[in-house]
Amino acid sequence: VAIKKRLDRPSRPYEAGSVGREYDAWTREGILEHYWGEHIHLGYYTDEELEKGYLRKNFIEAKYNFTQRMLDWGGVSSLENVKILDVGCGIGGTTR
């Protein structure tokens, strides 16, 4: 229990109004997950989709397309039994 409490604390204090402090508040309150789902990025749209109007594409599908494009760009889409460490900002949705 004591170890969990220590690990759940930020390693450094954030200044009032900082991005880190706000991000922690949003994730603690569930705001990001509620409005954005498990992926906190905007999505991937082809040139054709942008020409038609990006609002015509399903937002959740666009976010999954973005994740797939990241795997493609990283050259790992076709690899099998690969482990990927996601060290970016977010709540880990891309790795689920």
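See above for the structure.
One structure accompanies this document, and this report is about it. Just so you know, these numbers come straight off a predicted model, no measurement behind them.

Counting across every chain of the model gives two salt bridges. The salt bridge involving Glu 49 is made with Lys 57; its shortest N-O contact spans 3.1 Å. For Asp 72, the salt bridge is made with Arg 69, and the minimal N-O distance between the two is 3.5 Å. A residue pair is termed a helical-turn pair when its members lie 3 or 4 positions apart in one helix, as Asp 72 and Arg 69 do in helix α5 (residues 59-73) at three residues.

As enumerated under the stated definition, the model contains two aromatic pairs in all. Relative to Trp 73, the ring of Tyr 44 lies with its centre 6.0 Å away and its plane at 75°, an arrangement referred to as edge-to-face. With Tyr 44 in the loop between α3 (31-36) and α4 (47-52) and Trp 73 in helix α5, the pair connects residues that are 29 residues apart, well separated along the chain. Overall, the relative accessible area of 52% leaves Trp 73 in the exposed class.

What counts as what
- Residues numbered from 1 in each chain as written.
- Predicted model: local features only at pLDDT ≥ 70, side-chain atom pairs only at ≥ 80, totals over all residues.
- Heavy atoms only, no water.
- Salt bridge = Lys/Arg side-chain N within 4 Å of Asp/Glu carboxyl O.
- Helix = DSSP H or I, 4+ residues; strand = E, 2+ residues; numbered from the N terminus.
- Phe/Tyr/Trp six-rings, centres within 6.5 Å; stacked < 30°, edge-to-face > 60°.
- Buried < 20%, exposed > 50% of the residue type's maximum accessible area, 1.4 Å probe, protein only.

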